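Structural overview
Chain by chain, the residues run as shown.
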Amino acid sequence: MKKVKVAYEMISIEDLYVNPENDRYINDSEDEISAMIDMFGVANGNPRVEMVNLAEDISENGLNPFEWPIVWYDEELKKYIVIEGNRRITCIKLMTQFKENEEILRSIPEAEKIYKLSYPESAIECVVYEDLYEAQKVLAKIHQDINEGIGRKQWDAYAKQKANSKLGNGSKTYSIIQFIREYEGVSPELLECMAGARWTSKLERVVSFRKFKEVYNIEFTSDFSMLHKDTVEQVYHMMEKLVMDLINLPATGNFRTKKDFDNYIDNLPAEFITQVPDENGKNVTENNTAEKIGEESCQVKDSNEVESQEQQNDANSQEDGIQDDVQEEKESEFDTPRKISNQHKSLRKALRLSKDYAEDMFGCLGEKGKEIIIELESINYIDYPNASAALCRSILEYVVKMWLLESKHPEQFKEGDLPGSYNSCINDLANRKVLNDKQHKMLRRCANKEYFIDFLNSCIHADPKICVQQTALIDGWKCIRILVELYVEGHQK
C-alpha cells in the first residue's frame, strides 16, 4: 500500500484559498473572489438559497467535526488551495475576511445576509495533502456517489426519514412504514419487498392527496402520529395492498399525479378501503359512484363549449406558426423535431438542440428517439417542468443505451441503473476520443446523483421542491444534448 503524506493542521482563514478550478464550474474562475461568486451560480440545486442556509448553520453550529476541509499548499500562490470544502470555506470567508466586500455584493445580493452573520474562529483545522493528485483522488471518492462501493453511499428516502425522526422531525410516510413494520402479523414477503425497492417517495406523494384520507380514514397529529377509525387489522390490510402496489406498479404508471391515484382508487376492491361509513352512512365506493355520475353529466353538458374552445386553440396555434411545422413534417421522409412556436422561441421556453439538422439525419435515433426529441422541442418547460424532466430522463436513458449497445461493452448498460450506465457511457466515449476534454468534464458533473440525474429521478417522482428548479433543468439538458448530437453526427459520418 502506498503511503500518502497527510498532516492535520490549524490554518488561518486568510491562508486558505477558494479553488478557482473547482469541478463544479463549467469554466474555471479567474481568482478567489470570482470563485466565491461562481459558487452561488453552480448548476445543481438552488445555490443562492443553499449557500445562505449553509452559512447560517455554520454560524450557529460550527463546522462538522467529521468533515474537515481538504487542502493542498500551492508554492506559487503561497496559499492552501481548498480541494474539498469550498462551499463551507466560501461561507466562512464571507463572514470574516471578505465581509462587506462590494464586488461580491454587486454580483450576489444574497451575500448581504451572510455578511450579517459571524464566525468566531480565526483558523480552521484542515487535512493537508502534500500530493495534489492524492487529494483529488479522495475528492473523487467523496463526490462520485458510491462508485462501485469505493465512495460514499447515499441514504435512501427511508433512511433519511428515519434519521430525521430521531431528531423529532417525523413524517406521515415514516409513521405508516413504522406501523407496518411493528404490526404483529406483518408479512415477511412484504418486509423483504419494502427493503429491496425504491418506493417511499411515491408513498409520500400519495399521502399528500386529499383522497388518501377519504379512502383509508387515516389522519395524522401535529407530531405525525397515525390516527385511524378502522381496526388495526384492517389498516394493515389496506396499507399492505397499497405498499405492494407502489412497489410493483411501474414508476411511470400509477401514483405520479392525483388523477393516477383517483384511477387507482376507482379500481380498488372494497376490502382494501375503509370499512367505517362517513357521517352520512355511505362508504367511499358509493361516494365515488355519485361523483362519477355528476362528472359525466357535466362533461355532456359542456361538450359543445369544449369543442368551441379547441377550435379557438387551433386558430391560436396557427398564429404561432405551428401549422407550418406540421406541414413540414408531412412532407419529410423522416420526422424531424418540429420547431417550437414563435412565442416560445422568443421567450426561450423550450429545450432545443443546439443545431438544426437535416431530416434524414434523425433516422439513426429510431422512432422512439425522434418522438422524444419532438416533444422536448415543442413543450413549454416553464409551464410543464415535470413533463420536461421526464422527457429529459427518457432521451438520456435512450441515447446512453444506444451508445453502450454499439460499444465493445454492451453489458455495461444496466436497466434501472441510469447513473451507473451513464458513467460507463461517458468514460467509454472519452476513451474512444468521441468526447473532447471539455465535453467530458462537463458531462462528468452529471454522473453524481447529487447532480442532474438525481434531479431527473426526483422529477419522475414529482418532488415539487426540485421540479421547479429551472436552472438545473436547463444546465442538465445542455449536457444531454451533447450525447444526442454526437450520436446523430457520428452516424451521419
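See the structure shown above.
All of the points below concern the structure found in this document. (Residues numbered from 1 in each chain as written. Predicted model: local features only at pLDDT ≥ 70, side-chain atom pairs only at ≥ 80, totals over all residues. Heavy atoms only, no water.)

1. Regarding the pattern of salt bridges
Following the criterion strictly, the structure yields 12 salt bridges and no others. For the salt bridge of arginine 432 with aspartate 428, the shortest nitrogen-to-oxygen distance reads 3.0 Å. (Salt bridge = Lys/Arg side-chain N within 4 Å of Asp/Glu carboxyl O.)

2. Digging into the sheet that holds strand β5 (residues 123-129)
Reading across from one edge, β1-β5-β3-β4-β2 is the order of the 5 strands in this open sheet, with mixed pairing throughout. The open sheet terminates on both sides in strands that have one partner only, identified here as β1 (6-12) and β2 (16-17). In the sheet, strand β3 (residues 70-74) pairs with strand β4 (residues 79-84) via 5 bridges, with the strands oriented antiparallel. Of the residues in β4, the one forming a bridge with aspartate 74 is lysine 79. Of the strands in this sheet, β3, β4 and β5 touch helix α6 (residues 132-143), which is tilted by about 30° from β4. (Pairing = 2+ DSSP bridges. Helix = DSSP H or I, 4+ residues; strand = E, 2+ residues; numbered from the N terminus. Contact = heavy atoms within 4.5 Å. Axes fitted to C-alpha atoms, helices over the stretch in contact; angles between N-to-C directions.)

3. Concerning the pairing of β4
Most of β4 sits out of view: 5 of its 6 residues are buried. With 2 bridges connecting them, β2 and β4 associate as parallel partners. When the bridges of β4 are listed, tyrosine 17 appears paired with isoleucine 81. The hairpin formed by β3 and β4 contains 4 residues between the paired strands, and lysine 78 there has a positive phi angle of roughly 60°. (Buried < 20%, exposed > 50% of the residue type's maximum accessible area, 1.4 Å probe, protein only.)

4. Details of the pairing of β5
Counting buried positions along β5 gives 5 out of 7 residues, so the element sits mostly inside the fold. Alignment of β1 against β5, held across 7 bridges, turns out to be antiparallel. Its bridge partner lying in β5, glutamate 9 is registered against cysteine 126. Two strands pair when backbone bridges link them, and β3 and β5 are joined in this way by 3 bridges, in the parallel orientation. Counted as the bridge partner of tryptophan 72 is tyrosine 129 from β5.

5. Looking at unusual backbone geometry
The backbone of lysine 78 sits at a positive phi, close to 60°, despite the residue not being glycine. Of note, lysine 78 is situated in the loop between β3 and β4. At asparagine 217, a position not held by glycine, the phi torsion is positive, near 55°. Relative to the assigned elements, asparagine 217 resides in the loop between α11 (210-216) and β6 (218-220). For asparagine 217, a relative accessible area of 15% corresponds to the buried category.

6. Description of the packing of aromatic side chains
In this structure the tally under the stated criterion is 7 aromatic pairs. Considering the side-chain rings of phenylalanine 209 and phenylalanine 261, the 5.6 Å spacing of their centres and the 45° angle between planes classify their relative orientation as tilted. Note that phenylalanine 209 is positioned in the loop between α10 (200-207) and α11 and phenylalanine 261 in helix α13 (residues 258-266), a separation of 52 residues in sequence. Here phenylalanine 209 matches phenylalanine 261 in class, with each residue buried. Here the aromatic rings of tryptophan 403 and tyrosine 487 are separated by 5.2 Å at their centres, their planes lie at 85°, and the arrangement is edge-to-face. Residue tryptophan 403 is located in helix α19 (residues 385-405), and its partner tyrosine 487 is located in helix α24 (residues 470-492); the two are separated by 84 residues in the primary sequence. One Lys or Arg, lysine 241, reaches over the ring of phenylalanine 272 and ends 5.4 Å from the middle of that ring. (Phe/Tyr/Trp six-rings, centres within 6.5 Å; stacked < 30°, edge-to-face > 60°. Lys NZ or Arg CZ within 6 Å of the ring centre and 35° of its normal.)

7. A few points about helix α2 (residues 47-61)
The periodicity of an α-helix, 3.6 residues per turn, causes residues three or four places apart in sequence to face the same way. In this model, α2 (15 residues) spans 20 Å end to end at C-alpha, consistent with the 21 Å of a helix rising 1.5 Å per residue. The set of residues buried in α2 consists of Pro47, Met51, Val52, Leu54, Ala55 and Ile58. Down the axis of α2, the buried side of the element spans an arc of 160°, and every buried residue falls inside it. Residues of α2 that are exposed and point over 90 degrees away from its buried face: Glu60 and Asn61. Remark: glycine 62 follows α2 within two positions and exhibits a positive phi of approximately 80°. (Expected span 1.5 Å × (residues − 1). Arc of directions from axis to C-beta.)

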